[in-house]
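# Fold and contact review
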Amino acid sequence: MTTDERFEAYKTNGFTVFEKVFAEPQMHLWREKHRQLSAENNGQTWFGNTLELAPDLMWPAVTHPTILEFVEKVMGPFVQLDNLTLAAFSSIEPEKGKGRVSGWHRDRWAHVPYTDAYHRPNAINAISYLQDLTDAFGPLRVIVGSHRTPLTMADAARAKPHSDETLIHMKAGDVVITHNGLVHSGTPNTSGQLRYFFSIYYNLTWLKHTDHHSGPHTQKLLAEAKAANNHQQMRLLGVDEQLQPRCNSGFLCADEERWEEWAAADRGAILRLGAKL
Ligand SMILES: O=C(O)CCC(=O)C(=O)O
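Heads up: these notes are all about the structure in this document. (Residues numbered from 1 in each chain as written. Predicted model: local features only at pLDDT ≥ 70, side-chain atom pairs only at ≥ 80, totals over all residues. Heavy atoms only, no water.)

## A closer look at the site of the ligand
Every residue near the ligand is listed here: F89, H105, D107, N125, I127, Y129, L140, H184, G186, R195 and F197. Within the side chain of N125, an N or O atom sits 3.3 Å from an oxygen atom of the ligand. In this structure, Y129 approaches the ligand through a side-chain N or O atom, which is 2.6 Å from an oxygen atom. Coverage of the ligand by the protein chains reaches 89% of its 300 Å² of free accessible surface. Every element with two or more residues in the shell around the ligand is listed here: β4 (123-129) and β9 (195-204). The dominant element in the shell around the ligand, judged by the number of residues it contributes, is β4, at three residues. Its residues assigned to classes, the shell around the ligand shows five nonpolar, four polar and two charged. (Near = heavy atom within 4 Å. Polar contact = N/O pair within 3.5 Å; in protein donor to acceptor, adjacent residues only side chain to side chain. Areas by Shrake-Rupley, 256 points an atom, 1.4 Å probe, with all protein chains shown as cover. Helix = DSSP H or I, 4+ residues; strand = E, 2+ residues; numbered from the N terminus. Nonpolar A, V, L, I, M, F, W, Y, C, P; charged D, E, K, R; others polar.)

Set out below in C-alpha cells:
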C-alpha cells in the first residue's frame, strides 16, 4: 500500500495498522522498564510521562519515522506529544471476562461527529501491544468509520460487544494509528499474564499537552532539538516556533499541499544548519 492509499483508507476507516514497527529486543526493554516502575511504585500498572521517566528508551519510539511521517500527513506539521503511556492490564478470570468489552469510547480531544465528512483529528493514538493480542490477551475492538458517524451509546451498552464491531488481533510490535473520533475498546485480559499496552498519543501544537514536558530529561531533548534546528522534534516537546504564520496562512491553498511545503521547509532548516557547520 502506498502512503497515499493508506491515508485514504484511514480517512474512510478511522485507523490504520503498520505491521512490525517495533522489534522484540526493544519491547523487552519496555516490559522490563514497566516491571521496574511497578516495583518502585507499589504495584502501580499505569504510567504516563514515560518520556521523562525513561528518555533513552522512549524517544526513539516518539520520533519513529514511520509513525511520525504518517501522523504529520494526517495532522499537518503541527504534531506534539500529548502523552506517552506504558501500562499493563491485569488478567481476570475467564468467566468474568465473558461477553464483556473493556469500555467503548472516543479518545481525548475528540467530539461526537456532526456529519459524515472527514475532518483532521485533533489527536491521534499510535498504540502498540507488547505481546500478540490473542483472544485470551484481548483484541482491540473498533467500530469502523465511527469517526464520521454521530454514534452515541448508553452507559449500559459501553461494556458489551457491539453489533458493528471489528476485532483486531494485533501482533506484538504492530502499531495501530487511530483517529481520536474512532469509537473503540479493549477486551478484558484473561491470559493469566499482564497485557502490555504502549500508547504514543499526539495532538495539535495549539492544544495543551497532558504530559508535562518540563522535566530535566525532556528539556535536554528539547535543547538538542533546538541545537539541531529540528522543528519537528521541538514541536513534539511543545515548542512550535512557526505556529503563528502557519495557523494564519489565509487557507486558500489545499491544506495537504501546504502541509507538505511546510514539512519540506522543516527538513530544509536541518540541512541548512548542517551545511553551515
Ligand atoms: O486496551 C486496549 O486495547 C485499548 C485501549 C484504549 O482504549 C485506548 O487507548 O484508548
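## Topic: the sheet that holds strand β7 (residues 175-179)
Here six strands make up an open sheet; going across it, the order is β1-β7-β4-β9-β3-β2 and the pairing antiparallel. For this open sheet the edge positions go to β1 (15-18) and β2 (46-47), each flanked by a neighbour on one side alone. With respect to the sheet, helix α4 (residues 55-62) is in contact with β3 (79-89) and β9, its orientation differing from that of β9 by roughly 60 degrees. Against the sheet, helix α5 (residues 65-75) makes contact with β1, β3, β4, β7 and β9, and its axis sits at roughly 40 degrees relative to β9, the strand it touches most. (Pairing = 2+ DSSP bridges. Contact = heavy atoms within 4.5 Å. Axes fitted to C-alpha atoms, helices over the stretch in contact; angles between N-to-C directions.)

## So, the packing of aromatic side chains
Counted under the stated rule, the structure contains 12 aromatic pairs. Measuring from ring centre to ring centre gives 5.8 Å for F78 and W262, while their planes differ by 85 degrees; the resulting arrangement is edge-to-face. Taken together, the positions of F78 in the loop between α5 and β3 and W262 in helix α10 (residues 255-276) put the pair 184 residues apart, joining distant regions of the chain. For the pair formed by F78 and W262, the shared burial category is buried. A ring pair is formed by Y129 and F197, whose centres lie 6.0 Å apart and whose planes are at 55 degrees; its orientation type is tilted. With Y129 in strand β4 and F197 in strand β9, the pair connects residues that are 68 residues apart, well separated along the chain. Side by side, Y129 and F197 carry an identical accessibility label, which is buried. (Phe/Tyr/Trp six-rings, centres within 6.5 Å; stacked < 30°, edge-to-face > 60°. Buried < 20%, exposed > 50% of the residue type's maximum accessible area, 1.4 Å probe, protein only.)

## Side note on the side chain of H184
With respect to the element layout, H184 can be found in strand β8 (residues 184-185). For H184, a relative accessible area of 4% puts it in the buried group. Among the polar contacts made by the side chain of H184, one reaches the side chain of D107 at a distance of 3.5 Å. A distance of 3.0 Å separates a polar atom in the side chain of H184 from the backbone oxygen of L182. For H184, the residues in contact, after removing those within four places along its chain, are G103, W104, H105, D107, L140, R141 and V142.

## Describing helix α7 (residues 216-227)
Since one α-helical turn is 3.6 residues long, residues separated by three or four positions face the same way. Taking 1.5 Å of rise per residue, 12 residues should cover 16 Å, and α7 covers 16 Å from first to last C-alpha, within 8% of that figure. Where α7 is concerned, the buried positions are T218, L221, L222 and A225. Buried residues of α7, viewed axially, fall in a sector of 100 degrees; they line one side. Within α7, the exposed residues directed more than 90 degrees away from the buried face are P216, K220 and A227. Summarising the contacts, the buried residues of α7 are in contact with α3 (50-53), α4 and α8 (231-236). (Expected span 1.5 Å × (residues − 1). Arc of directions from axis to C-beta.)

## Examining the sheet that holds β8
Strands sit in the order β6-β5-β8 across an open sheet of three strands; the sheet is antiparallel. Of all the strands in the sheet, just β6 (165-168) and β8 have a single pairing partner and so form its edges. One ladder, built from four bridges, connects strand β5 (residues 140-143) with β6; its direction is antiparallel. What sits directly across from I143, in β6, is E165.

## Regarding the pairing of β5
Side chains L140 and V142 project from β5 onto one buried face, and the interleaved R141 and I143 project onto a second face that is buried too. Taken together, the two bridges between β5 and β8 define a ladder with antiparallel strand orientation. Directly across from R141, in β8, lies its bridge partner S185.

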